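# Chains, contacts and geometry: an overview
Residues per chain, in single letters:
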Amino acid sequence: MDIIGFLISWITFFSIYSILSISLNLEAGYTGISNFGKAAFYGIGAFIAAVVSLLVFLTLSGLSYPLYSLETIVAMGTLSKQNPVLNIIVFLFTLTLAFVISGVAGYLVSYPTLRVGPAFLGITVLSFGELLRIFLRNFQPTGGTYGLAGIPHPFAFVQDPTARDLAFMLIALTLLIAIYLFSERLVNSPYGRLMKSVREDEVASLCLGKDVPKIKAQVLFIGSGMAGIAGALLAYYMGSINPDIFVPSLTFEVWAMVIFGGSANNKGALLGAGVITFLNRASVVLNFMFQNLPVDVNYIRWMLVGLLIVATLLFKPEGLIPEDTRSSFVWSLFGEQKTVSFKERTEEVRKRVKLYVKKLISWFMMGGE
Amino acid sequence: MSVREGSVTGLIGPNGSGKTTLFNVISGFYPPDSGEVYFMGNKITGLNPNEIYNLGVIRTFQNPRLFPRLTVLENLLVAAGSRGERVTSSIAKRNWVDGEAKLVKKAYEIAKSVGLEGVERNIASDVSGAHMKLIETARSLMNSPKVLLVDEPAAGISYSAAKNLFNYLLKLKEDYGITLFIIEHRIDILMDYVDYVYVLHLGKLLSQGTPEEVLSDKKVREAYIGD
């Protein structure tokens, strides 16, 4: 088994999915927006990247094949290796475009529901995503159910596939780091406090002078834009995309990452993404290695993800790395009353462990009730 | 109905007479079926609650609506506006650090004057009920209000604590020039502090006047006791 290859693919997917889980964390974990349509904006980003990059390459070479046709795929085979600079420019351009268009889409779709209850938003974006997917399945210019292929990899000029994938992985990681830092800054600022206030009590926040619909719209724009970036990355990494990738179960996978890793906590979002993408990649490898299993490993993976969500909600609803309520950034700013001393913290941990062990023991004694 | 600037005006009436609903209409939560609301000569009917808040008309809730998972201090800080509360300026710390420092100081001062010392670092859902009421009051002061719509400030607290609270509200009026419009069921306490009283009954204005006039009004007695 190719360990290096597995690692590179895992870290690349980890980066892409982490961007998704951080974006969902901003929306759901911090602002309390139930966004059940992540896959939709992920997909919009991917298709924008695919369509625009193919269009640019074909038009610049004076070709006018339909984007989905075999001629395009064949032509792209050579075109993508001719001009490295063009590849990179198109890559960067489509990434930005994906961010903007997905962000705007996120804002527009949610606009009618900003002033009403959270359930409406969730169902609206979910339906929007499904409608979009079904539309794309039947929309010939973007390839219908087959989708688009031949998407020009930014490093297509690199001969060695491992080196190419490694370079892409580094780009994805860099984007992840940038997005992570941006999100950390955002939530550790008065704006982050604002987001949490909307989550805690929308009405009270409104009463305290906060334009709650505008805040929700802003967060959804940012979150959907980030999902668009992730989608564009996916398109370039895989080289081909089709509408059936962007199904609701993908949205729920991202939700599982946020719930399991820890909501309202960017590190938690990373942890959740890491674990679930590992399961993802591992099941691909296992499927490949054990071809004679009675069950497709993917289905076992879905069950595992579901179990993970339920177990988390039962035993540790805040997720593995819970929200950091005590050490507000305010303290660290002003030096006074810094976060609790090391001694106090170890005492606290000791107390908690004792309590937890007691709980476990009593759980056992009750016959596991 | 009108509330004179600088006055302490009371709003009383039996349960269900529409007092909180009136506050909801004034603060922009419910659009009125008819009629207009004016503040300092400007029409404010139909504005959003957050716009009305920023004009200086601030209401408190009977049952404190705090942000449970934020600390007491953060609850207070949200109530004040901050430059860091815009997406673009929140990313660079230097934009809002100084403003935050001033706000934190202000929050501590207000907390102290309300009697909330020592709990600022606690999570809001962890503090006692009495403290919650104080936080609700302190929050309403964070954004330099011109008018405070106070909904039953003395509900559920002892007589002496209620008197302290009312004394404090009066002091606020003197120090900051805030106009007070107070809903209160405990007429025994309220009447010592108000200049003018409106009485609502079944959604309509039943009586108005100075405390003495209202207390001796037969209609008011009938409404409350049902003679």
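Only a predicted model underlies this, so the values are computations on that prediction, with no experimental measurement involved.

Attention now goes to the interface of chain A and chain B. At the junction of the two partners, chain A supplies 27 residues and chain B supplies 33 residues. Counting residues per element, the ones that place at least two in the side of chain A that touches chain B are helix H6 (161-187), helix H7 (190-200), helix H8 (202-207) and helix H13 (329-334) of chain A. In terms of residue count, H7(A) provides more of the side of chain A that touches chain B than any other element does, seven residues in total. Residue composition of the side of chain A that touches chain B, grouped by class: 13 nonpolar, seven polar and seven charged.

Under the domain assignment, chain A is made up of domain 1 (3-332) and domain 2 (339-369). Taking the mean C-alpha position of each, domain 1 of chain A and domain 2 of chain A sit 37 Å from one another.

Attention shifts here to the sheet that holds strand S5 (residues 147-151) of chain B. Where strands meet in a sheet, backbone hydrogen bonds hold them as pairs that are either parallel or antiparallel. Residue and element names in this part refer to chain B. With mixed pairing, the six strands of this open sheet are ordered in space as S4-S5-S6-S1-S7-S8. Because the sheet does not close on itself, it has two edges, and the strands there are strand S4 (57-59) and strand S8 (204-209). Ignoring which end each strand starts from, the neighbouring axes of this sheet average 20° apart. As paired strands, strand S7 (residues 196-201) and S8 are joined by five bridges and run antiparallel to one another. Pairing of His201 across the sheet is with Lys204, part of S8.

All names here are of chain B. Backbone geometry places Ser144, a non-glycine residue, at a positive phi of 50°. Relative to the assigned elements, Ser144 resides in the loop between helix H6 (129-141) and S5. With 13 C-beta atoms counted inside 10 Å, the residue Ser144 sits in the partly exposed group. Positive phi is not limited to glycine here, since Glu152 has a value of about 50°. Inspection of the secondary structure puts Glu152 in the loop between S5 and helix H7 (159-176).

Within the fold, Leu7(A) resides in helix H1 (residues 3-30). When the C-alpha positions of Leu7(A) and Gly43(A) are compared, they lie 25 Å apart, and in sequence the two are 36 residues distant.

Residues and elements named next belong to chain A. For the pair helix H4 (residues 84-110) and helix H9 (residues 212-238), the least separation of the axes is 7 Å and the interaxial angle reads 140°. Taken together, H4 and H9 sit at an angle that is classed as oblique. For the crossing formed where H4 meets H9, the hand is right-handed. A per-class count over the contact of H4 with H9 returns 16 nonpolar, 10 polar and no charged.

With that settled, the discussion passes to helix H5 (residues 118-137) of chain A. Residues and elements named next belong to chain A. Taking 1.5 Å per residue, 20 residues should reach 28 Å; H5 reaches 29 Å between its end C-alpha atoms and fits that length. All of the buried residues in H5 are Leu121, Val125, Gly129, Leu132 and Leu136. All buried residues of H5 fall inside an arc of 70° around its axis, so they share one side. Exposed positions of H5 whose direction lies more than 90 degrees from the buried face are Ala119, Leu131 and Ile134. Buried residues along H5 sit in contact with helix H2 (38-60), H4 and helix H10 (248-261).

Accessible area lost during the coming together of the parts is what is often quoted as the interface size. If you check the domain split of chain B, you get domain 1 (1-56 + 145-227) and domain 2 (71-132). The gap between the C-alpha centroids of domain 1 of chain B and domain 2 of chain B is 28 Å.

Another aspect to go through is the nonpolar core. Residues Ile19(A), Ile229(A), Ala230(A), Ala232(A), Leu233(A) and Leu76(B) are the most contacted members of the largest nonpolar core, which totals 146 residues. With 16 residues, H9(A) is the largest single contributor of residues to this core. Excluding residues that lie within four positions of it along the chain, Leu76(B) makes contacts with Ala107(B), Ile110(B), Ala111(B), Ala138(B), Arg139(B) and Met142(B).

What follows concerns the pairing of S5(B). Residues and elements named next belong to chain B. The element S5 is extensively covered by neighbouring structure, given that five of its five residues are classed as buried. Here S5 shows a buried face lined by Val147, Leu149 and Asp151 and a second buried face lined by Leu148 and Val150. Across three bridges, S4 lies against S5 in parallel orientation. In the strand pairing of S5, Val57 is matched with Val147. The pairing of S5 with strand S6 (residues 179-183) spans five bridges and is parallel. The partner of Val150 across the bridge, within S6, is Ile182. Each parallel crossover has a hand, and the one from S5 via H7 to S6 is right-handed.

What counts, and where the lines are drawn
Residues numbered from 1 in each chain as written. Chains lettered and ligands numbered in written order. Predicted model: local features only at pLDDT ≥ 70, side-chain atom pairs only at ≥ 80, totals over all residues. Contact = placed C-beta atoms within 7 Å. Helix = DSSP H or I, 4+ residues; strand = E, 2+ residues; numbered from the N terminus. Nonpolar A, V, L, I, M, F, W, Y, C, P; charged D, E, K, R; others polar. Domains from an automatic or database assignment. Pairing = 2+ DSSP bridges. Axes fitted to C-alpha atoms, helices over the stretch in contact; angles between N-to-C directions. Buried ≥ 20, exposed ≤ 12 C-beta atoms within 10 Å, placed from the backbone. Parallel < 35°, antiparallel > 145°, perpendicular 65-115°, else oblique. Left-handed = near helix turned anticlockwise from the far one by under 90°. Expected span 1.5 Å × (residues − 1). Arc of directions from axis to C-beta. Core = buried A, V, L, I, M, F, W, Y, C linked by C-beta atoms within 7 Å. Right-handed = clockwise from strand over helix to strand, strands pointing away.

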